[in-house]
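# Structural characterization, general
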Amino acid sequence: MRWWFLGMVRPAAPEGRRWEPSKEEQQRVLDEWETARERLERLVSARVTAVGEVLRAAELPVERSEDGPTPGFDAPAERDYTWVLDAFQAAGKLLDEAADLPDLAAAAVLAERALVRFAALHARRAGQPEPRAPERCYYNPLHAAVEHTGPPPRKQHRQRARRRTGPREAAADRRPACASCRKAILAGQQPDVLPALVPVKVSRLRTARLLVPYYSVPQQWSLWSVSVCGAYGDEWPGLVLRGEHRRRAAAARKA
């Protein structure tokens, strides 16, 4: 979808004047956002529910007793299992309390990361290779995972450095992108970016809400702009369970 750019389309304002969206333009942005939110909530709810069913049906990789984990399970396995539980709980919390589209995307990302780590625990227990965590599309973490069909990433980087690339190829290589977003960038088009609704001061007395790429939202307003909606780093479940996502959303509303 490219609809989120509607919130940024505006006529050229006379020099010295700041552009202000009309009431109709502002309402169109809010209507588009609400439609996207309802659609995304259904999608993410289904994903989180599916992960929950797998976790409930699978045998627990760490067996507990009053004295702690069963002998034979090391501390890293115990930490991983605790993280799985926290990540899935955080996903459910985000689904219930989402203030914006990136919160919903983060719910899906954390639930799916919990499932991948759960599978890794089982593989480790069985002495099998651990599954590799998928790399997320930077432009929209809900897109199909980035696939690596060629040489390892470091070798690919060296190969790209040795050959000349045009500006479009350089832009496509700058961030991990799914096949669809990469194709759009190579064609000189905008990728299908996950949007966020943010307040923008358009006059001394008026603030409008516009749709912008989720990764451009200031960090004080969102947990997700620097983490690809929770795809990287292990601190996000703990922050969500402590309510940090709500605190930053409130800061954005007060802006």
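Just above sits the structure.
Residues numbered from 1 in each chain as written. Predicted model: local features only at pLDDT ≥ 70, side-chain atom pairs only at ≥ 80, totals over all residues. Heavy atoms only, no water.

### Observations concerning the overall build of the protein chain
Quick reminder of the rule: The helix count covers DSSP runs of H or I at least four residues long, the strand count covers runs of E at least two residues long, and both are numbered beginning at the N terminus. Accessible area is worked out with a 1.4 Å probe on protein chains only. A residue is then buried under 20% of its type maximum, exposed over 50%, and partly exposed in between. We call two residues contacting when some pair of their heavy atoms lies within 4.5 Å. Residue burial considers only the protein chains on display, and all accessible areas are found by Shrake-Rupley using a 1.4 Å probe.
For the protein chain, the count of helices and strands is eight helices and four strands. Its helices and strands in sequence order give the protein chain the pattern α-β-β-α-α-α-α-α-β-β-α-α, from N to C terminus. In the protein chain, buried positions account for 41% of the 255 residues. Counted over contacts in the protein chain with a minimum sequence separation of 6, partners at least 24 positions apart contribute 63%. Surface summary for the protein chain: the accessible area is close to 14,800 Å², and the carbon and sulfur share equals 51%.

### Here we look at the packing of aromatic side chains
Our working rule: Note on ring pairs: Phe, Tyr and Trp rings are taken, using the six-membered ring of Trp, and paired if centres are within 6.5 Å. Classes follow the plane angle, with under 30 degrees stacked, over 60 edge-to-face and the rest tilted.
Under the counting rule described, the total for this entry stands at six aromatic pairs. Ring geometry for Tyr139 versus Tyr215: centroids 6.3 Å apart, planes at 75 degrees, classification edge-to-face. Here Tyr139 is found in the loop between helix 3 (101-125) and helix 4 (153-162), whereas its partner Tyr215 is found in the loop between strand 4 (207-213) and helix 7 (236-241), with 76 residues between them in sequence. With relative accessibility at 9%, the residue Tyr139 sits in the buried group. A ring pair is formed by Tyr214 and Tyr215, whose centres lie 5.3 Å apart and whose planes are at 75 degrees; its orientation type is edge-to-face. Tyr214 gets classed as buried once you look at its relative accessible area, which sits at 1%. Connected via pairs of aromatic rings, a cluster forms that spans Tyr138, Tyr139, Tyr214 and Tyr215.

### Observations regarding the nonpolar core
Rules: Here, nonpolar core refers to any group of buried Ala, Val, Leu, Ile, Met, Phe, Trp, Tyr and Cys residues whose side-chain atoms link them within 4.5 Å.
Val44, Tyr139, Trp224 and Cys229 are the most contacted members of the largest nonpolar core, which totals 58 residues. Mapped by element, the contributors of at least two residues to this core are helix 1 (23-57), helix 2 (75-97), helix 3, helix 6 (179-186), strand 3 (195-201), strand 4 and helix 7. It is helix 3 that contributes the most residues to this core, twelve residues altogether. Sequence-distant contacts of Trp224, defined by excluding residues within four places in its chain, comprise Leu94, Pro102, Asp103, Ala106, Tyr214, Cys229, Gly230, Trp236 and Val240.

### Looking at unusual backbone geometry
Excluding glycine, residues mostly carry a negative phi; peptide bonds, for their part, are mostly trans. Located in the positive-phi region is Val228, a residue other than glycine, with phi close to 50 degrees. Mapped onto the elements of the fold, Val228 is located in the loop between strand 4 and helix 7. Classification of Val228 as buried rests on a relative accessible area of 9%. Although it is not a glycine, Cys229 sits at a positive phi angle of roughly 55 degrees. In this structure Cys229 comes out as buried when scored by relative accessible area, which is 0%.

### A look at the side chain of Arg37
For clarity, the threshold we go by: Pairing of N or O atoms within 3.5 Å defines a polar contact, subject to two protein rules: one partner must be a possible hydrogen donor and the other a possible acceptor, and residues neighboring in sequence count only if both atoms are side-chain atoms.
Considering the arrangement of structural elements, one finds Arg37 in helix 1. Here Ala98 takes part through its backbone oxygen, which lies 3.0 Å from a polar atom of the side chain of Arg37. Apart from residues no more than four positions distant in its own chain, Arg37 is found in contact with Ala98, Ala99, Asp100, Leu101 and Leu104.

### Quick look at the pattern of salt bridges
Quick reminder of the rule: When a carboxyl oxygen of Asp or Glu is within 4 Å of a side-chain nitrogen of Lys or Arg, the pair counts as a salt bridge.
In this structure the tally under the stated criterion is twelve salt bridges. Ionic pairing is found between Lys93 and Glu97, a salt bridge with its closest N-O pair at 3.3 Å. Taken together, the residues span about one helical turn, with Lys93 and Glu97 both in helix 2 at a distance of four residues. Overall, Glu97 belongs to the partly exposed group, its relative accessible area being 29%.

### Quick notes on the pairing of strand 3
Heads up, the rule is: Any two strands are treated as partners once DSSP identifies two or more bridges connecting them.
Judged by how many residues are buried, strand 3 sits mostly within the fold: five of seven residues are covered. Pairing of strand 3 with strand 4, which is carried by seven bridges, proceeds in the antiparallel orientation. Bridging from a neighbouring strand, Pro199 pairs with Arg209 of strand 4. Hairpin connection from strand 3 to strand 4: five residues lie between these consecutive antiparallel strands.

### Describing helix 6
Because the α-helix completes a turn every 3.6 residues, residues three or four places apart line up on one side. Inclusion rule: The directions from the helix axis to the C-beta atoms are what the arc is built from.
Within helix 6 the residues assigned to the buried category are Cys181, Ala184 and Ile185. Buried positions in helix 6, seen along its axis, are confined to an arc of 100 degrees and lie on one side of it. Seen from the open side of helix 6, the exposed residues pointing more than 90 degrees away from its buried face are Ala179 and Lys183. Looking at the buried side of helix 6, the elements it contacts are helix 5 (167-174). Taken from the residues just after helix 6, Gly188 is the one with a positive phi, measuring 80 degrees.

### Quick look at the side chain of Arg117
With respect to the element layout, Arg117 can be found in helix 3. Its relative accessible area of 19% is what places Arg117 among the buried residues. Here the side chain of Arg117 touches Asp234 through a polar contact of 3.0 Å, side chain to side chain. Sequence-distant contacts of Arg117, defined by excluding residues within four places in its chain, comprise Asp80, Trp83, Val84 and Asp234.

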